[in-house]
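# Architecture at a glance
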Amino acid sequence: MTVVTADGGPASSLGQGTGGALESPGGAGGLPEPLVVEHVSVRFGALRALDDVSLRAEPGSIHAIIGPNGAGKSTLFNVISGIYRPVEGRVLLGETVLTGRRPHQITAFGIGRSFQNLAGSPYEPVLENIMIGRHHLTRTGFLAAGLRLPAARREERLHRARVKEIAEFLGLTALLPVPIGMLAYGDRKRVEVARALATEPRVLLLDEPVAGMNAAETAQMAATVRQIRDGLGITVLLVEHDMSMVMSLADRVTVLDFGQRIADGDPAAVQRDPAVIRAYLGPGEQDGPGESGGPAAAEPSGDAASDASPAGREVAP
Ligand code: ADP
Ligand code: MG
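Please read all numbers here as calculations on a predicted model, not as lab measurements.

## Some remarks on the overall build of the protein
Counting secondary structure elements, the protein contains eleven helices and ten strands. Burial statistics for the protein: of 317 residues in total, 42% are counted as buried.

Structural data, given as structure tokens:
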């Protein structure tokens, strides 16, 4: 399988970073490029899950996407990663149009993602689970690997070495041999992030990475996300209900409600935006954009369960 990076050259990340701190991924050899969502609409039957949504995530920034349950956040991630095709609009990484490409091609262009719900076989060790993220970087192919040819063995050793670096970066080294079914919830969520990082992304999509975590796990994940931006230079798109985390981490925030973009800007401005306060508190409960309103005040912080959103209203099915 030929591996191509977004700048058209072959991916060459395998030798990087051995013996030291985790370095920038292979895809980062090209110019830093923004991830641009242009006028994207998605419909499920009569439902407009996304309606003319645009945003621009600057390279090397943390760009949060927030909004009440059912607002369309996960749908937007599914559009960016090629799982859903929009009826209108497109997604670009720099000049490269991603829309219309298959999910594995979009991964190869440098878009990595973790899923809101945990995936992976419970019996497989952590190491093998993270290795799944490197599948598209494998050159020698299944036949050579199955025959245990020397080139395939060498390549596998390099992939394993890289996976161990990524595991160390996430504090998972001691857990590498442990089947994921035996892990604490917070550790499994970190394995999900490690698997996404193992794809060597330039843009990392994190869908509720601290949902269900306790306060200590949340603080650790927040530090990791910051380190992914500052240490690795990776652009992070972050869907998150924990508003204290969003407000402390994000460089920019886009707010969705019922599939529409209702606000976009720096965290402090978005937090004060009356439309945002209305979306979170529900109609008729707004007493002005004061201290008591807004997403930050509505979030108890830390150990909220995954379905405990700061939304004042639930979306009817
Ligand atoms: P969020 O992640 O913001 O909570 P979602 O993007 O998951 O919201 O969902 C947005 C809306 O689209 C919701 O009303 C949801 O029920 C609907 N939806 C999401 N995926 C599908 C699908 N595959 N088929 C039909 N409706 C869907
Ligand atoms: Mg979601």
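## A few points about the environment of L47
With respect to the helices and strands, the residue L47 is situated in strand β2 (residues 47-57). Overall, the presence of 12 C-beta atoms within 10 Å leaves L47 in the exposed class. Separated by 212 residues in sequence, L47 and G259 have C-alpha atoms that sit 9.2 Å apart.

## Looking at the confidence of the model for the protein
Where the model shows low pLDDT, its predicted coordinates should not be examined in detail. With 75% of its residues at a pLDDT of at least 70, the protein reaches an overall mean of 81. In the predicted structure, residues 286-294 sits below a pLDDT of 50 and forms 19 contacts with residues beyond four places in sequence or in another chain.

## Overview of the nonpolar core
Core analysis: the largest hydrophobic core is formed by 72 residues, its most contacted members being I166, A194, L204, V236 and L238. Both domains that furnish three or more residues to this core are identified here as domain 1 (31-110 + 203-210 + 234-312) and domain 2 (118-200). The contact partners of A194, leaving out residues within four places of it in the chain, are I130, I166, A167, L170 and L172.

## Some remarks on the site of ligand 1
The environment of ligand 1 is formed by F44, L47, A49, G67, N69, G70, A71, G72, K73, S74 and T75. For the shell around ligand 1, the elements supplying multiple residues, two or more each, are β2 and α1 (73-80). Ranked by the residues each element gives to the shell around ligand 1, the list is headed by α1, at three residues. In the shell around ligand 1, the residues fall into four nonpolar, six polar and one charged.

## Section: unusual backbone geometry
Of note, the phi angle at D52 is positive, near 60 degrees, even though the residue is not glycine. The phi dihedral of E208 is positive, around 50 degrees, even though this residue is not glycine. Tracing the backbone shows E208 in the loop between β7 (203-207) and α7 (215-230). By the C-beta count within 10 Å, which is 21 here, E208 ends up buried.

## Here's the deal with the sheet that holds strand β9 (residues 252-257)
Spatially, β6-β7-β8-β3-β9-β10 is the arrangement adopted by the six strands of the open sheet, whose pairing is mixed. In this open sheet, the two edge strands, each paired with only one partner strand, are β6 (111-114) and β10 (260-265). Between one strand and the next, the sheet's axes are offset by a mean angle of 15 degrees, whatever the strand orientation. Here strand β3 (residues 62-66) pairs with β9 via four bridges, running parallel. Along β9, the bridge assignment pairs A64 with V253. With respect to the sheet, α7 is in contact with β3, β7 and β8 (235-239), its orientation differing from that of β8 by roughly 150 degrees. Set on the sheet, helix α10 (residues 274-281) makes contact with β9 and β10; between it and β10 the angle comes to about 130 degrees.

## Considering the sheet that holds strand β1 (residues 35-44)
In spatial order, the strands read β2-β1-β4-β5; together these four strands make up an open sheet with antiparallel pairing. Two strands lie at the open edges of the sheet, namely β2 and β5 (96-97), each paired on one side alone. Where β1 lies against strand β4 (residues 88-93), five bridges are found, and the strand directions are antiparallel. Residue S41 lies in a different strand from β4, and its bridge partner there is E88. With respect to the sheet, α1 is in contact with β1, β2 and β4, its orientation differing from that of β2 by roughly 65 degrees.

## A few points about helix α5 (residues 150-169)
What sets the pattern is the α-helix's 3.6 residues per turn: residues three or four places apart point alike. A rise of 1.5 Å per residue sets the reference length of α5, with its 20 residues, at 28 Å; its end C-alpha atoms lie 29 Å apart and thus fit the reference within 8%. Along α5, the positions that sit buried rather than exposed are E155, R162, V163, E165, I166, A167 and F169. Where α5 is buried, its residues meet α3 (126-131) and α6 (185-197). Looking one or two residues beyond α5, the residue adopting positive phi is G171, at roughly 70 degrees.

## Considering α7
Under the 1.5 Å per step criterion, the end-to-end length of α7 is 22 Å for 16 residues, consistent within 8% with the ideal 22 Å. Every buried residue belonging to α7 is among T218, M221, A222, V225 and I228, and all of these are buried. One face of α7 carries all of its buried residues, which in axial projection span an arc of 120 degrees. Among the exposed residues of α7, those pointing more than 90 degrees away from its buried face are A216, A223 and D230.

## A word on the environment of D187
Its place among the elements puts D187 in helix α6. On the basis of neighbour count, D187 is assigned to the partly exposed category, with 18 C-beta atoms found within 10 Å. As a C-alpha pair, D187 and L170 span 17 residues in sequence and 9.5 Å in three-dimensional space.

Each value, and the rule that gives it
- Residues numbered from 1 in each chain as written.
- Chains lettered and ligands numbered in written order.
- Predicted model: local features only at pLDDT ≥ 70, side-chain atom pairs only at ≥ 80, totals over all residues.
- Helix = DSSP H or I, 4+ residues; strand = E, 2+ residues; numbered from the N terminus.
- Buried ≥ 20, exposed ≤ 12 C-beta atoms within 10 Å, placed from the backbone.
- pLDDT = per-residue confidence, 0-100.
- Contact = placed C-beta atoms within 7 Å.
- Core = buried A, V, L, I, M, F, W, Y, C linked by C-beta atoms within 7 Å.
- Domains from an automatic or database assignment.
- Near = placed C-beta within 6 Å.
- Nonpolar A, V, L, I, M, F, W, Y, C, P; charged D, E, K, R; others polar.
- Pairing = 2+ DSSP bridges.
- Axes fitted to C-alpha atoms, helices over the stretch in contact; angles between N-to-C directions.
- Expected span 1.5 Å × (residues − 1).
- Arc of directions from axis to C-beta.

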